[in-house]
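Okay, here's what each chain looks like letter by letter:
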Amino acid sequence: MKRILVTGGAGFIGSHLCERLLREGNSVICLDNFLTGRKENISHLMEHKLFDLIEHDIIYPYHIEPVDEIYHLACPASPVHYQHDPIKTMKISVMGSYNVLGMAKRHGSRILLASTSEIYGDPLVHPQPEQYWGNVNTVGPRSCYDEGKRCAETLFMDYHRQEKVRIKIVRIFNTYGPGMLPDDGRVISNFILQALQNQDITIYGDGSQTRSFQYIDDLIEGLLKMMQTDEGFTGPVNIGNPREFTIRELAERIITLSGASSKLVYMPLPVDDPKQRRPDITLAREMLDWEPAIRLDEGLTRMISFFRKKLKKETIEANVNPLS
Ligand code: NAD
Ligand code: UDP
């Protein structure tokens, strides 16, 4: 049994990861300040005897008993959330990484960084291999996140070279699945919630920009496999689904799968919104023996069912509450 720390463990990805690590018999410590995570994401784990919650903001140092592994996920991930307080976002990426790397150094823990495809910015190379250095604006509204994560990767590599910390860097591409918050603001949750309520589907720009969406279970598998790779392999490694869709195609798939009567409406494209994104996953295939297994239609169907149940529950609660 390993003792594992998950920072950001109450978030969308973190809560799935905590659940999986517990299922495999590990002792899991979730550290989170609930900036964008929710207690309800981990409420089903609270009674587990091997689960602990630490409420703490990772921009401040924290001292815990030694851990074998650290998955460092703490950071808002949705553009709506990370742009809300960009200075805080940068502090979380940089000072948060600095603090967890200090822990890893003290305890000799393995430590994995949840980095991002935003490292590649608005990419001029397509699809994106890990060797591509990216095309990132340093002074735009997305820079707090993109440059913050780039700096986090640099800190991880410097702690590895200078302090011999055992690091792993994973560049995560757009991930979706049950557990995303309705107000998350990212495209799949927005479109599904709009479709289920027969509201207009809000396409930013003309919808020709592309993304490649991976289902949460595939990502969790990739994170676990990366953590177990040989000492010498630090990454960065891309973990994402190489099937690429335009945002308009995504909207149409969601309307069809949910049986909605929603119309598409077009709104201004956010500044610096990447025009295309698709991972080259050759390295993950070779080093991790990993590739995604869940097709978009299958994942969307599960996600639609998750939000359908959630909306039904909220309607029932809304009906019940005024009476109580
Ligand atoms: P999320 O917002 O659901 O989860 C982030 C979690 O970190 C939340 O529980 C939040 O409360 C916590 N957190 C934020 N700031 C903190 C702080 N200062 N101290 C302690 N906890 C803090 O986002 P997510 O989608 O689960 O993303 C998790 C990680 O994966 C992030 O680092 C993100 O950059 C990375 N990532 C996600 C995606 C994706 O598509 N979901 C893509 C690329 C990278
Ligand atoms: N998007 C959209 N409508 C929405 C939300 C997002 O058209 O309601 C677009 C957004 O402009 C981007 C893509 O969908 O081109 C993915 O956005 P998201 O915020 O999910 O993630 P990103 O990859 O941009 O970080």
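Residues numbered from 1 in each chain as written. Chains lettered and ligands numbered in written order. Predicted model: local features only at pLDDT ≥ 70, side-chain atom pairs only at ≥ 80, totals over all residues. Heavy atoms only, no water.

A.B. asks: Looking at this structure, I do not really get empty space enclosed by the protein. What am I missing?
C.D. replies: Empty space among the atoms becomes visible once a probe the size of a water molecule is rolled across them. Here the structure, examined in full by the defined rule, presents one cavity of 30 Å³ or more. For the largest cavity, the calculated volume is near 30 Å³. What lines the largest cavity is His72, Leu73, Ala74, Cys75, Ser93, Ser97, Leu113, Lys149 and Ala152. For the lining of the largest cavity, the secondary-structure elements that each account for two or more residues are α4 (86–107) and α5 (143–163). Residues of the lining of the largest cavity, tallied by class, amount to five nonpolar, three polar and one charged. (1 Å grid on protein atoms, 1.4 Å probe; cavity = no way out; pocket = protein on both sides within 12 Å on 5 of 7 lines; lining within 4 Å. Points joined across faces, edges and corners; volume = space filled by probe spheres on them. Helix = DSSP H or I, 4+ residues; strand = E, 2+ residues; numbered from the N terminus. Nonpolar A, V, L, I, M, F, W, Y, C, P; charged D, E, K, R; others polar.)

A.B. asks: What should I look at first to understand the sheet that holds strand β2 (residues 27–32) in this one?
C.D. replies: In any sheet, the strands associate via hydrogen bonds between backbone groups, in a parallel or an antiparallel arrangement. Spatial strand order, β3-β2-β1-β4-β5-β6-β11: seven strands in an open sheet with parallel pairing. Edge positions in the sheet fall to β3 (51–55) and β11 (237–239), since each of these pairs with one other strand and no more. With direction set aside, neighbouring strand axes in the sheet form an average angle of 20°. By the bridge criterion, four bridges tie strand β1 (residues 3–7) to strand β4 (residues 69–72) in an arrangement that is parallel. Bridging across to β4, Thr7 finds its partner in His72. Sheet strands in contact with helix α1 (residues 12–23) are β1, β2, β3, β4 and β6 (166–172), and its direction is about 170° off that of β1. Its contacts with the sheet place α4 against β1, β4, β5 (110–116) and β6, and it is angled at close to 175° to β4. (Pairing = 2+ DSSP bridges. Axes fitted to C-alpha atoms, helices over the stretch in contact; angles between N-to-C directions. Contact = heavy atoms within 4.5 Å.)

A.B. asks: Just checking my understanding: could you explain a nonpolar patch on the surface for this structure?
C.D. replies: Residues Tyr204, Met267 and Leu269 make up a contiguous nonpolar surface patch of about 250 Å² in total accessible area. Along the chain, the position of Met267 falls in strand β13 (residues 264–267). On the accessibility criterion, Met267 (36% relative accessible area) is partly exposed. (Patch = residues over 30% accessible without salt bridge, like charges linked within 9 Å, V, L, I, M, F, W, Y side chains within 5 Å. Areas by Shrake-Rupley, 256 points an atom, 1.4 Å probe, with all protein chains shown as cover. Salt bridge = Lys/Arg side-chain N within 4 Å of Asp/Glu carboxyl O. Buried < 20%, exposed > 50% of the residue type's maximum accessible area, 1.4 Å probe, protein only.)

A.B. asks: I'm lost on helix α8 (residues 247–258) in this one. Help?
C.D. replies: Within an α-helix, residues lying three or four positions from one another point in the same direction, as the helix has 3.6 residues per turn. With 12 residues, α8 should reach 16 Å at 1.5 Å per residue; the first-to-last C-alpha distance of 16 Å fits that figure. Positive phi appears at Gly259, one or two residues downstream of α8, with a value of about 70°. (Expected span 1.5 Å × (residues − 1).)

A.B. asks: So what exactly am I meant to see when it comes to the site of ligand 1 here?
C.D. replies: In the neighbourhood of ligand 1, 28 residues make up the surrounding shell, with Asp32, Thr36, Asp57, Leu73 and Tyr145 lying closest. Here an oxygen atom of ligand 1 sits 2.6 Å away from a polar atom, N or O, in the side chain of Tyr145. In the model, an oxygen atom of ligand 1 is placed 2.8 Å from a nitrogen or oxygen of the Lys149 side chain. With the chains in place, 97% of the 820 Å² that ligand 1 exposes on its own is no longer accessible. Breaking the shell around ligand 1 down by element, the ones donating at least two residues are α1, β5 and α5. Among the elements that line the shell around ligand 1, the one with the most residues is β5, at three residues. Split by residue class, the shell around ligand 1 holds 14 nonpolar, 10 polar and four charged. (Near = heavy atom within 4 Å. Polar contact = N/O pair within 3.5 Å; in protein donor to acceptor, adjacent residues only side chain to side chain.)

A.B. asks: Just checking my understanding: could you explain the pattern of salt bridges for this structure?
C.D. replies: Any two side chains of opposite charge can pair, so long as their charged atoms come close to each other. Overall, the coordinates contain 25 salt bridges when judged by the stated rule. As a salt-bridge pair, Glu221 and Arg20 come within 2.9 Å of each other at their nearest N and O atoms. Here Arg20 lies in helix α1 and Glu221 lies in helix α7 (residues 216–227), a separation of 201 residues in the sequence. The exposure class of Glu221 is partly exposed, given its relative accessible area of 30%. One salt bridge in this structure joins Glu231 and Arg166, with 3.1 Å as the shortest N-O distance. A residue pair is termed long-range when its members are at least 10 positions apart, and Glu231 in the loop between α7 and β11 and Arg166 in strand β6 qualify at 65 residues. By relative accessible area, Glu231 is classed as partly exposed at 41%. A single salt-bridge network, built from bridges that share partners, covers Glu118, Arg142, Arg211, Asp273 and Arg277.

A.B. asks: Honestly, α5 in this entry has me stumped. Any pointers?
C.D. replies: Given a rise of 1.5 Å per residue, 21 residues ought to cover 30 Å, and the 28 Å separating the end C-alpha atoms of α5 matches this to within 8%. The inward-facing, buried residues of α5 contact β4, α3 (79–82), α4, β5 and β6. Phi turns positive, to about 65°, at Lys164, one or two residues after α5.

A.B. asks: Any chance you could explain the side chain of Asp57 here in plain terms?
C.D. replies: Along the chain, the position of Asp57 falls in the loop between β3 and β4. At a separation of 2.5 Å, a polar atom in the side chain of Asp57 contacts the side chain of Lys88. Not counting residues within four places of it along the chain, the set of residues in contact with Asp57 comprises Asn33 and Lys88.

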